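Structure assessment
Here are the chains, one letter per residue:
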Amino acid sequence: MPSLGAHLRSLHRLAPANKDHVSAVRVAVSVAAPSLALLAAGRPELMIYAVFGALTGMYGRNEPHQLRLRHQGQAALLLVGGLAVGVFLSVHQLHSWALVVIETVLAAAGSLFADKVALKPNGPFFGILALGACASIPTTVHWHTAVLIGALSAGFSMAVGFGGWVRGRAWQRGAAREVPALSGARRRAAWIHAARYLTAVGAAGSVGVLSGSGHPHWAMAAAAVPLAGADMPSSVYRGLHRIVGTLAGLVVVAVVLFPWTLSPLRAFPGHEAAVLAVLVIVLQFTTELFMTRHYGLAMVSFTPVILLMTQLAAPADPQVLVTERAVETLLGAGLGIVVVVLIRRRRSPGGRP
């Protein structure tokens, strides 16, 4: 197993590019169109639902259009489903322990679904994140309007991802993504994986509630990050990148939201919502640009995306927002790494998983 020093050195390595800018543009367009439409309609606080729907574009990045469409449809079920559950919890003011129990159970169920259909990015992370974020803010429109915004945004994202097909129009009848059947050893591994999510997400949420945090869902989402690793080294790698990337991203959030002269909000008085909306779009582009090359750099951008659109939906004290996010990330990612170490895959006599 690599040493701690090797893991720390991995924070500096940047993987080779693989047409990342193409996928980044697709995702940025998917986020920009519904977000700017809501901004023009005078409802920037609803952007959070559009952005989570638009994250559908992150899936199937290097697949042919026909297969990407199917892959993104599966991802949309996870994202819009998580969003819908979060809106339900918000409308009925189900927070604290109710949120922890429901999100934990759905994290395990989402893990089984993600493993069954082989989602890439791995695991139910973005669905969990959508659930917790939407549950934590007041729903200012009818519940079906919020869910419809997310669903329409996901549909638009799928249309953007399929748009390139117009050039070639090649449709192979019967083509399908190569996903091994969920049986035998793969089924056992999927259930162990789900047990990890149940343990890590539940523990992180419980500690978050007991500590009096106002955002236990942040710890739960952070706990899910290491679990998406394919093996022990990659799990630790993702956990460390999550921590370091999030802390660096919080510096960006502080620059934007804190009341000092460096804040871009000071440069455009009276247009703060527009500035935040544009920053969310730009930062989502850079998130996707580095998502497969360097997870930590991606988190430097993605952390502000989540916090800035949360601030649009439900303004809060920026200092409290940044402090609690830092604490919850350290707590959640740390617990996720511990669970990966404690709940390991079974190995065959030959030593293979």
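This one's a predicted model, so the numbers in the text were calculated from it and none came from an experiment.

Attention now moves to the nonpolar core. Counting residues in hydrophobic clusters, the biggest one holds 85 residues, and the most contacted among them are Tyr 49, Phe 52, Phe 126 and Phe 302. If one sorts the elements of this core by residue count, helix α14 (residues 295-313) sits on top with 11 residues. Beyond its immediate sequence surroundings of up to four residues, Phe 302 is in contact with Leu 55, Phe 125, Phe 126, Leu 129, Gln 284 and Thr 287.

Our next topic: helix α7 (residues 143-162). Here α7 is 20 residues long and its end C-alpha atoms lie 29 Å apart, about the 28 Å a rise of 1.5 Å per residue gives. For α7, every residue scored as buried is listed here: Ala 146, Val 147, Ile 149, Gly 150, Ser 153, Ala 154, Ser 157, Met 158, Gly 161 and Phe 162.

The subject of this paragraph is the packing of aromatic side chains. One pass over the full model with this rule turns up 5 aromatic pairs. Ring centres 6.4 Å apart and planes at 80° place the aromatic pair Tyr 59 and Phe 126 in the edge-to-face group. With a gap of 67 residues between them, Tyr 59 in the loop between α3 (47-54) and α4 (65-91) and Phe 126 in helix α6 (residues 125-135) connect regions that are remote in the sequence. Across the pair, exposure class does not vary: Tyr 59 and Phe 126 are buried alike. Arranged with centres 5.8 Å apart and planes meeting at 85°, the rings of Phe 126 and Phe 302 form a pair that is edge-to-face. Pair noted here: Phe 126 is in helix α6 and Phe 302 is in helix α14, with a separation of 176 residues, a long-range link. Like Phe 302, Phe 126 is buried. Here a set of aromatic residues connected by ring pairs shows up, and it is made of Tyr 59, Phe 125, Phe 126 and Phe 302. Here Arg 238 stacks its cationic end above the ring of Tyr 295, 4.3 Å away from the centre of that ring.

Calculation rules
Residues numbered from 1 in each chain as written. Predicted model: local features only at pLDDT ≥ 70, side-chain atom pairs only at ≥ 80, totals over all residues. Heavy atoms only, no water. Core = buried A, V, L, I, M, F, W, Y, C linked by side-chain atoms within 4.5 Å. Buried < 20%, exposed > 50% of the residue type's maximum accessible area, 1.4 Å probe, protein only. Helix = DSSP H or I, 4+ residues; strand = E, 2+ residues; numbered from the N terminus. Contact = heavy atoms within 4.5 Å. Expected span 1.5 Å × (residues − 1). Phe/Tyr/Trp six-rings, centres within 6.5 Å; stacked < 30°, edge-to-face > 60°. Lys NZ or Arg CZ within 6 Å of the ring centre and 35° of its normal.

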